[in-house]
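A structural walkthrough
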Amino acid sequence: MTPELSQTLADAGLDPQHVDNLVRAALTEDGEVDVTSMPIFAPDDTAAGDLRAREHGVVAGIPVASVVFDVLDIAYETKVQDGDRVVPGQVLISVSGPTRAVLRAERTALNLLTHLSGIATATRQWMDAMSGTKAKVRDTRKTLPGLRVLQKYAVQCGGGVNHRMGLYDAALIKDNHVAAAGSVTKAYEAIRAVYPSLHIQVECDTLAQVEEAVAVGAKSILLDNMTDDEMVEAVRLVAGRAELEASGGLNLERARDVAVTGVDYLAVGALTHSARVFDIGLDFT
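Rules used throughout
- Every residue gets a number counted from 1 within its own chain, in the order that chain's sequence is written.
- Given that this is a predicted model, residues contribute local features only at a pLDDT of at least 70 and side-chain atom pairs are listed and counted only at 80 or more, while totals for whole chains, interfaces and linings are drawn from all residues.
- Hydrogens are left out, water is left out, and the side-chain values use all remaining heavy atoms of the structure.
- What marks off one domain from the next here is an automatic or database domain assignment.
- Only heavy atoms matter for contacts: two residues are in contact if any of them lie within 4.5 Å across the pair.
- Computed with a 1.4 Å rolling probe, the buried area is the accessible surface lost when two parts are put together, summed over both parts.
- Note on definitions: salt bridges are taken to be side-chain nitrogens of Lys or Arg within 4 Å of carboxyl oxygens of Asp or Glu.
- We call two N or O atoms a polar contact when they sit within 3.5 Å, provided that within protein one can donate a hydrogen and the other can accept it, with sequence-adjacent residues counted only if both atoms are side-chain atoms.
- The secondary structure listing takes helices from DSSP runs of H or I that are at least 4 residues long and strands from runs of E that are at least 2 residues long, numbered from the N terminus.
- For this classification, the nonpolar set comprises Ala, Val, Leu, Ile, Met, Phe, Trp, Tyr, Cys and Pro, the charged set comprises Asp, Glu, Lys and Arg, and every other residue, Gly included, is treated as polar.
- Expected span of a helix: the number of residues minus one, times 1.5 Å.
- Buried, partly exposed and exposed residues are distinguished by accessible area as a fraction of the type maximum, computed with a 1.4 Å probe on protein chains only: under 20%, between the cut-offs, and over 50%, respectively.
- To be clear, the arc concerns the directions from the helix axis to the C-beta atoms.
- Exposure above 30% relative accessible area and the lack of any salt bridge qualify a residue for a patch; like charges then connect within 9 Å, and the nonpolar side chains Val, Leu, Ile, Met, Phe, Trp and Tyr within 5 Å.
- The Shrake-Rupley method, run with a 1.4 Å probe, gives the accessible areas here. Residue values count only the displayed protein chains as cover.
- Only strands joined by at least two bridges in the DSSP assignment are considered to pair.
- Here an angle of 0 to 180 degrees is reported between the N-to-C directions of two axes, which are lines fitted to C-alpha atoms, with helices fitted over the stretch in contact.

**A word on the domain arrangement of the protein chain**
In terms of domains, the protein chain is made up of domain 1 (3-118 + 276-284) and domain 2 (129-274). Facing the 17 residues of domain 1 at the interface are 11 residues of domain 2. Roughly 1000 Å² of surface becomes buried between domain 1 and domain 2 when both sides are summed, with 73% attributable to carbon and sulfur atoms. The three residues of domain 1 that bury the most area against domain 2 are L14, H115 and L116, which together make up 39% of that side's buried surface. Counting every contact that joins domain 1 to domain 2 gives zero salt bridges. Taken together, the connections running from domain 1 to domain 2 amount to three residue pairs in polar contact (both at pLDDT 80 or more). Secondary structure elements with two or more residues in the side of domain 1 that touches domain 2: helix 2 (16-28), helix 4 (62-71) and helix 5 (99-129). Counted by class, the side of domain 1 that touches domain 2 contains 11 nonpolar, four polar and two charged residues.

This is how it looks when you write it as structure tokens:
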């Protein structure tokens, strides 16, 4: 990988080695021989093409797709940056090199770019729906194995906010933790005794649990499957003593109604587990 590309990935908060490993693993899935392209094109045949957007949206994964071309020694030139809004027909990346190599790179590059851009586009739709409120959309751990870092990066590209990366960097006390521990207070105090400075979020199903969570010192509360009226009341009860995140049963049509209740975040697992791919194609020139 070129130093410039490595730095671009690092500046985006991505580990260059992790991305390189992922790309190489994806390319390996296609096998050693392209039985379609090999008989048609000679080793010294060359081709050039453009990766173009085929719909309106937000792009994410430009440097990730660039790694595919870099690994296969294909010349490329990026035309947009991650987070940019793009329109149908807009060129995202131009490529040139051996025809066999370009065709080998095509699907892997598009798989990554269309998936990440789909997440970024969906995230931007949520943020646009809540425009004018303080609320932000936040992702979850409902991600594809091996792609969590990239998926959460795509959420950032769309203007969203990342929740915890894993089980190691923040605690989330859920209903099963409370049931097994006996109460919100017991679960919270057990974690705080071991991790005095760890960020702890408490999932609450009822307003009574919200009051208990605030009383024990929780600074982050997840309002699980509450009605809009219950969330308004939770905001009143908490009175700024903790950040509040709505979760459960959320959809884009309801986003603004939830945002205006005064919560700080909307937790949307669908950003990563159900995002529709963004339509991008590689057209030879």
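**Comments concerning helix 2**
Its 13 residues give helix 2 an end-to-end C-alpha distance of 18 Å, which sits within 8% of 18 Å, the value for a rise of 1.5 Å per residue. For helix 2, the complete set of buried residues consists of P16, V19, D20, L22, V23, A26 and L27. Down the axis of helix 2, the sector holding all buried residues measures 165 degrees, keeping them to one side. Buried residues belonging to helix 2 abut helix 1 (3-11), helix 4, helix 5 and helix 6 (148-157). Between the side-chain oxygen of the N-cap and the backbone nitrogen of Q17 there are 3.1 Å, and the N-cap of helix 2 in question is D15.

**Some words on unusual backbone geometry**
At D73, a position not held by glycine, the phi torsion is positive, near 55 degrees. As for its placement among the helices and strands, D73 is situated in the loop between helix 4 and strand 3 (75-78). Residue classification places D73 among the exposed positions, given a relative accessible area of 66%. Even without a glycine there, the phi angle at A239 is positive, about 50 degrees. Residue placement: A239 occurs in the loop between helix 10 (228-238) and strand 10 (243-247).

**Regarding the side chain of T108**
Checked against the element boundaries, T108 lands in helix 5. Owing to a relative accessible area of 5%, T108 belongs among the buried residues under this scheme. Sequence-distant contacts of T108, defined by excluding residues within four places in its chain, comprise A26, L27, D30 and V68.

**Brief notes about a nonpolar patch on the surface**
Among the surface-exposed residues, V33, V35 and M38 lie close enough to one another that they form a single nonpolar patch of about 290 Å² accessible area. With respect to the element layout, M38 can be found in helix 3 (residues 37-40).

**What about the sheet that holds strand 10?**
With parallel pairing, six strands are arranged side by side in an open sheet as 6-11-10-9-8-7. Each edge of the open sheet is held by one strand with a lone partner, namely strand 6 (136-138) and strand 7 (171-173). Ignoring which end each strand starts from, the neighbouring axes of this sheet average 25 degrees apart. Where strand 7 and strand 8 (residues 200-204) come together, three bridges link them in parallel fashion. Bridge pairing in strand 8 places A171 opposite I200. Docked against the sheet, helix 8 (residues 184-194) engages strand 7 and strand 8, running at close to 165 degrees with respect to strand 8. Lying over the sheet, helix 9 (residues 207-216) contacts strand 8 and strand 9 (220-224), oriented at roughly 160 degrees with respect to strand 8.

**Let's talk about the pattern of salt bridges**
Two side chains with opposite charge may pair up if their charged atoms get near one another. Inspection of the entire model under this criterion finds 14 salt bridges. In this structure, the salt-bridge partner of D50 is R52, at a minimum N-O distance of 3.4 Å. Here D50 falls in the buried class, since its relative accessible area comes to 11%. Assessed through its relative accessible area of 29%, R52 is described here as partly exposed. E203 serves as the salt-bridge partner of K174, at 3.0 Å between the closest nitrogen and oxygen. With K174 in the loop between strand 7 and helix 7 (175-181) and E203 in strand 8, this pair connects stretches of sequence that are 29 residues apart. Look at K174 and you get partly exposed, because its relative accessible area is 32%. Taken together, the shared-partner salt bridges in this structure form one network comprising R85, R124 and D128.

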